[in-house]
Amino acid sequence: MKRIKLLFIVLLVSIIVFLSGCKNEVLTTTKGTVYTTIYPLYSITKLIAGQKLTVEKLVKDGAEIHSFEPSSRDIAKLTSAKAVIYLGLVDEWVKKPLEGTKVKIFRASEGIEFVDSDPHIWTSPRLLKKIARNIEYALTSLDSKNKSYYQENASKLIASLDKLDKEFSSVVKNSKRKEFLIAHPSFGYLAKDYSLKQYSITGVNEEEEPSAQKMKEIVQLIKEKNIKYILVDPNENLPAVKTIAKDTGVKIVNIYGMGIVNSSQAKNETILSLMEKNLKAFEMVLK
């Protein structure tokens, strides 16, 4: 009986030592969490970080980036992060809670100039390449041991964006129409890069509803330009768009500005897959 008891104790100690070793192994290989503010940065960072870093975003699915306010829980996440990657302009709120902490903070828009307080620089493939390079720099700074891994992932991403750039250029070149009507003006940088004209129903803030005068002007524009489509992000709730579509007969075409994303998009899409859908949308409305 004593022998059986002794064997049981030895076995129990062995199991505890084994589990303790496993626990330590997990702790030593965990890299920590990199927090991003908005979906475009989250998606790009995940594509470059791959399996080497845990990447999360702070702006909730379905939330509007222009009016988002971090909760106390969000602030706690920020201060305990390995690093934070933010865009600038719409998410400057990340900086103050991090003052005096050891959390590293990186601005993904470094070297890019915002125009007319418009934050949507990620909707242009050309500017998105610059954002990707900035994020690549951030990750290699954080984890130099895996520098070549991040560089390889970033190069693959850049190659995909180069392809998108060429495809957008081809669509514009082969299209008769050089202007488009959109509900929310989130493609101003893309319009500039590809020599297009963007007409919008609302202002930069997604929650803004157009005035009666603005509605009248849009209807007149549709008639003058013979516009047949309105680009609309399906995550935006703009009753005015449906009214204009009903009154003028124009068709609504989905476009993804990515200022708002739903949970399904955040889980199942990437910024590349959404931009591929945007390419198809522009191919339709510019023909």
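Rules and cut-offs
- Residues numbered from 1 in each chain as written.
- Predicted model: local features only at pLDDT ≥ 70, side-chain atom pairs only at ≥ 80, totals over all residues.
- Heavy atoms only, no water.
- Pairing = 2+ DSSP bridges.
- Helix = DSSP H or I, 4+ residues; strand = E, 2+ residues; numbered from the N terminus.
- Axes fitted to C-alpha atoms, helices over the stretch in contact; angles between N-to-C directions.
- Phe/Tyr/Trp six-rings, centres within 6.5 Å; stacked < 30°, edge-to-face > 60°.
- Buried < 20%, exposed > 50% of the residue type's maximum accessible area, 1.4 Å probe, protein only.
- Lys NZ or Arg CZ within 6 Å of the ring centre and 35° of its normal.
- Right-handed = clockwise from strand over helix to strand, strands pointing away.
- pLDDT = per-residue confidence, 0-100.
- Contact = heavy atoms within 4.5 Å.

K.L.:
Which parts of the structure should I look at to understand the sheet that holds strand β1 (residues 33-36)?
P.N.:
Where strands meet in a sheet, backbone hydrogen bonds hold them as pairs that are either parallel or antiparallel. Pairing is parallel in the open sheet, where four strands are placed in the order β2-β1-β3-β4. The open sheet has two free edges, formed respectively by β2 (54-57) and β4 (104-107), since each of these has just one partner strand. Sheet twist, expressed as the mean angle between neighbouring strand axes with direction ignored, is 20 degrees. Looking at chain direction, β1 and strand β3 (residues 83-86) are connected through three bridges and run parallel. Bridge pairing in β3 places Tyr 35 opposite Val 84.

K.L.:
Is there a simple way to think about the environment of Ser 155 in this case?
P.N.:
Structurally, Ser 155 can be placed in helix α5 (residues 147-173). Taking the C-alpha atoms as reference, Ser 155 lies 8.9 Å from Ile 48; in sequence the two are 107 residues apart.

K.L.:
What exactly am I supposed to notice about the packing of aromatic side chains here?
P.N.:
Counted under the stated rule, the structure contains seven aromatic pairs. Ring plane angle 50 degrees and centroid distance 5.4 Å describe the contact between Phe 68 and Trp 93, whose orientation is recorded as tilted. Within this pair, whereas Phe 68 is found in the loop between β2 and α3 (72-79), its partner Trp 93 is found in the loop between β3 and β4, the two being separated by 25 residues in sequence. Here Phe 68 matches Trp 93 in class, with each residue buried. Taken together, Phe 168, Phe 180, Phe 187, Tyr 194 and Phe 282 form an aromatic cluster joined through their ring pairs. Here Lys 52 stacks its cationic end above the ring of Tyr 149, 5.2 Å away from the centre of that ring. Taking NZ or CZ as reference, Arg 126 lies 4.3 Å from the ring centre of Tyr 194, over its face.

K.L.:
Just to check I follow, could you spell out the pairing of β2 for this structure?
P.N.:
Every other side chain in a regular strand lies on the same face of the sheet, so the side chains alternate between the two faces. Along β2, the buried face is formed by Val 55 and Lys 57; none of Thr 54 and Glu 56, which line the opposite face, is buried. Note that β1 and β2 share four bridges and pair parallel. In the sheet register, Tyr 35 faces β2, and the bridge partner there is Glu 56. Tracing the backbone out of β1, into helix α2 (residues 39-49) and back to the parallel element β2 gives a crossover that is right-handed.

K.L.:
Looking at this model, I keep getting lost on the confidence of the model for the chain. Mind explaining?
P.N.:
It should be kept in mind that the predicted coordinates are not to be read in detail where pLDDT is low. Chain-level statistics for the chain give a pLDDT mean of 89 and a share of 88% at 70 or above. The low-confidence segment residues 1-31, where pLDDT is below 50, has five contacts with residues more than four positions distant or belonging to other chains.

K.L.:
Looking at this structure, I do not really get the side chain of Ser 43. What am I missing?
P.N.:
Within the element layout of this structure, Ser 43 appears in helix α2. Judged by relative accessible area, which is 5%, Ser 43 ranks as buried. Ignoring any residue separated from it by four or fewer positions in sequence, one finds Ser 43 in contact with Thr 270 and Ile 271.

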